[in-house]
Amino acid sequence: MKALTWHGKHDIRCESVPDPQIEEGRDAIIKVTACAICGSDLHLYNGIMPDMHSGDIMGHETMGEVVEVGKDNKKLKVGDRVVVPFTISCGECFFCKRGFFSGCERSNPDPSKAKKLWGSSPAGLFGYTHLLGGYSGGQAEYLRVPYADVGPIKVPEGLTDEQVLFLSDIFPTGYMAADFCNIQPGDTIAIWGCGPVGQMAIKSAFILGAERVIAIDTVPERLALAERSGAITLDYMDKDIYDRIMELTNGRGADACIDAVGTESDPSASWDARLDRIKVATFMGTDRPHVLRQAIHCCRNFGTVSIVGVYGGFLDKIPMGSAINRGLTFKMAQTPVQHYLPILMDRIQNGEIDPSFIITHTGSLEDGPDLYKTFLEKKDGCIKVALKP
Ligand SMILES: NC(=O)c1ccc[n+]([C@@H]2O[C@H](COP(=O)([O-])OP(=O)(O)OC[C@H]3O[C@@H](n4cnc5c(N)ncnc54)[C@H](O)[C@@H]3O)[C@@H](O)[C@H]2O)c1
Ligand SMILES: [Zn+2]
Ligand SMILES: [Zn+2]
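All of these numbers come straight from a predicted model, not from anything done at the bench.

A.B. asks: Any chance you could explain the overall build of the protein chain here in plain terms?
C.D. replies: Of regular secondary structure, the protein chain possesses 13 helices and 17 strands. In terms of C-alpha radius of gyration, the protein chain reaches 20 Å, essentially the compact-globule figure of 21 Å for 389 residues. Counting the 389 residues in the protein chain, one finds 57% classified as buried. Taking the intrachain contacts of the protein chain between residues at least 6 apart in sequence as the baseline, contacts between residues at least 24 apart amount to 71%. Looking at the protein chain as shown, the accessible area adds up to about 16000 Å², and 52% of this sits on carbon and sulfur atoms.

Encoded structure:
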């Protein structure tokens with residue numbers, strides 16, 4: 001089959017690779033009908049996540065048709081149309097039973113490296129390094145889905161691939177980011193990053209009852225899309241974000257702040273962002289948490305900082321003094337996608353949201369390597385890429 005494979009920094013290739021096979025009784029094989037490139041794939045593309053191997057198959061936003069099921073899989077049958085969560089979860093362990101699917105303690109077959117780095121291992125992920133299981137990803141013609149009687153959700157009649165594809169990751173992630181904020185009537189939610197995750201967080205914050213959303217980025221078409229969703233937009237290159245948020249909230253700060261940027265924040269945003277870049281380049285630091293620092297300062301006393309942008313290691317100069325003295329709550333996670341799937345499928349079905357609004361670029365797997373570059377460089381108005389193998 002054809003698949004997009006990783007060969008080092010900025011080197012994604014469309015290659016022929018062996019077809020996946022059923023390996024365990026609960027597996028299924030999916031013929032991929034649509035997949036997408038995620039902001040998290042850019043961390044691999046930029047070579048900042050450890051333990052990718054040359055030839056690894058990329059991709060964790062995938063859907064398609066079931067073409068084979070293992071002997072113990074009682075949930076799926078050949079011909080089912082499903083969306084596959086990016087998190088691989090057994091459904092039976094301590095964490096899965098409590099709904100913390102992205103904390104599954106069985107789906108990473110070699111948790112030792114993650115334990116060394118993070119204390120414990122989270123769930124295995126599709127196409128996301130050997131630290132997190134070394135599973136082949138779904139930017140391919142076929143995908144092997146382990147524990148396929150837990151993760152995939154069947155797609156009801158009448159919904160297009162584009163409407164449901166983002167249930168695999170960015171819609172639940174943006175929704176979780178807003179859910180973490182415990183939104184009350186009258187609340188103002190500030191969101192850093194108007195990429196795909198930020199855009200889903202904006203829509204979700206309004207769905208969950210926010211009165212105002214303040215959306216921060218610098219890319220004009222991303223700010224314009226945020227505005228079309230009803231957000232007040234701020235360009236971090238021409239406004240002091242802290243001052244503007246204080247002006248907009250009577251000097252109090254936002255009720256909750258969402259970091260939908262993570263470790264690759266724009267180094268030109270401020271002096272501390274530039275310093276982060278230098279520290280990482282000289283191995284004096286692992287991450288670039290400028291946005292997290294700003295989100296903490298812009299959050300009102302006893303507000304919530306919700307972190308869905310990904311960080312990898314040890315974050316430097318986080319203003320914990322500000323956070324503890326002002327009673328902030330921090331919430332963060334790799335999304336336990338399965339937990340959110342039923343309610344979000346309902347919200348799509350009843351017309352509250354059509355997540356396809358985000359797609360600006362489509363192509364085949366052969367177009368994949370070029371579209372990675374376009375997405376990274378935010379060229380040609382690119383906000384989200386969907387691929388049709
Ligand atoms: N927690 C999860 O489960 C989960 C799931 C999906 C994605 N993510 C993470 O979410 C983050 C965003 O993903 P995406 O797909 O939207 O990626 P993206 O790279 O397309 O979007 C990031 C956006 O942040 C903006 N930005 C950069 N610096 C900024 C700053 N200083 N202030 C405000 N905005 C700034 C960029 O211009 C860009 O529009 C990534 O870190 C990704 O890894 C996490
Ligand atoms: Zn993702
Ligand atoms: Zn589990």
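A.B. asks: Help me understand the site of ligand 1 in this model?
C.D. replies: Contacts to ligand 1 come from 32 residues, most closely from S40, H43, D217, V308 and A333. A distance of 2.9 Å separates a nitrogen atom of ligand 1 from a polar backbone atom of A333. Protein contact buries 96% of the 870 Å² of open area that ligand 1 shows by itself. Elements with a contribution of two residues or more to the shell around ligand 1: α1 (39–45), α6 (196–207), β11 (212–217) and α10 (290–298). The element best represented in the shell around ligand 1 is α1, accounting for three residues. Across the shell around ligand 1, the residue classes tally to 16 nonpolar, 11 polar and five charged.

A.B. asks: Looking at this structure, I do not really get the coordination of the zinc ion (ligand 3). What am I missing?
C.D. replies: In an ideal tetrahedron of four donors about a metal, each angle is 109.5 degrees. In an ideal octahedron of six donors, the angles are 90 or 180 degrees. Distances from the zinc ion (ligand 3) to its protein donors, C90 (SG), C93 (SG), C96 (SG) and C104 (SG), fall within 2.3 to 2.4 Å. For the zinc ion (ligand 3), the four donor atoms are set out with angles of 105 to 116 degrees between them, so the coordination reads as tetrahedral.

A.B. asks: Even after reading the chapter, I still don't get the packing of aromatic side chains, so can you show me in this structure?
C.D. replies: What characterises a pair of aromatic rings is the spacing of the ring centres plus the angle enclosed by the ring planes. The final tally for this structure, using the stated rule, is five aromatic pairs. Ring centres 6.4 Å apart and planes at 80 degrees place the aromatic pair F171 and Y175 in the edge-to-face group. Highlighted residues: F171 and Y175, both in helix α5 (residues 170–179), separated by four residues, approximately one helical turn. Here F171 and Y175 have matching classes, each one buried.

A.B. asks: Mind showing me how you'd approach unusual backbone geometry here?
C.D. replies: Of all residues except glycine, most have a negative phi; of all peptide bonds, most are trans. Residues other than glycine seldom take positive phi values, yet Y147 does so here, at roughly 45 degrees. In this structure, N182 is a non-glycine residue whose phi angle is positive, near 45 degrees. Looking at the secondary structure, you find N182 in the loop between α5 and β10 (188–192).

A.B. asks: What am I meant to see in the packing of α6 against helix α7 (residues 220–228) here?
C.D. replies: In helix packing, the relevant descriptors are the interaxial angle and the interaxial distance, both defined with respect to the helix axes. It is at 10 Å that the axes of α6 and α7 come closest, and there the two elements cross at 15 degrees. Accordingly, the angle class assigned to the pair α6 and α7 is roughly parallel. Here α6 runs over α7; the crossing is right-handed. Within the contact between the two elements, α6 uses P196, Q199 and I202 and α7 uses R222, L225 and A226.

Criteria and cut-off values
Think of each chain on its own: its residues are numbered from 1, step by step along the sequence as written. Each chain is given a letter, starting from A, and each ligand a number, starting from 1, according to the order in which they appear as written. It should be noted that, the model being predicted, local features are given only for residues of pLDDT at least 70 and side-chain atom pairs only at 80 or more, the latter also being counted only at that level, while totals for whole chains, interfaces and linings use all residues. Hydrogens are left out, water is left out, and the side-chain values use all remaining heavy atoms of the structure. Secondary structure counts use DSSP, requiring at least four H or I residues in a row for a helix and at least two E residues in a row for a strand, with both numbered from the N terminus. The globule rule used for comparison is 2.2 Å times the number of residues to the exponent 0.38, while the radius of gyration itself is calculated over C-alpha atoms. Only protein chains enter the accessibility calculation, which uses a 1.4 Å probe. A residue is then buried if its area is under 20% of the maximum for its type, exposed if over 50%, and partly exposed in between. Should any heavy atoms of two residues lie within 4.5 Å, those residues are counted as being in contact. Using a 1.4 Å probe, the Shrake-Rupley method yields the accessible areas, and only the shown protein chains count as cover for residues. Near is defined per residue: the residue qualifies when any heavy atom it owns lies within 4 Å of the molecule or strand. In the analysis that follows, any N or O atom pair within 3.5 Å is treated as a polar contact, provided that within protein one partner can donate a hydrogen and the other can accept it, and provided that, for residues neighboring in sequence, both atoms belong to side chains. Under the scheme applied, nonpolar residues are Ala, Val, Leu, Ile, Met, Phe, Trp, Tyr, Cys and Pro; charged residues are Asp, Glu, Lys and Arg; polar residues are all the others, including Gly. In this analysis a donor is any N, O or S atom within 2.8 Å of a metal ion (3.2 Å for sodium, potassium and calcium), and since water is not included, sites may seem incomplete. A four-donor site is classed as tetrahedral when every donor-metal-donor angle falls between 85 and 135 degrees; four donors are called square planar, and six octahedral, when trans pairs exceed 155 degrees and all remaining angles lie between 65 and 115, with any other arrangement labelled irregular. Ring pairs are drawn from Phe, Tyr and Trp, using the six-membered ring of Trp, whenever the two centres fall within 6.5 Å, and their geometry is named by plane angle: stacked under 30 degrees, edge-to-face over 60, tilted for the rest. Axes here mean lines fitted to C-alpha atoms, for a helix over just the part in contact, with angles spanning 0 to 180 degrees between N-to-C directions. For classification purposes, angles smaller than 35 degrees are called roughly parallel, those larger than 145 roughly antiparallel, those between 65 and 115 roughly perpendicular, and all remaining angles oblique. What makes a crossing left-handed is the near helix being turned counterclockwise from the far one by less than a right angle; a clockwise turn instead makes it right-handed.

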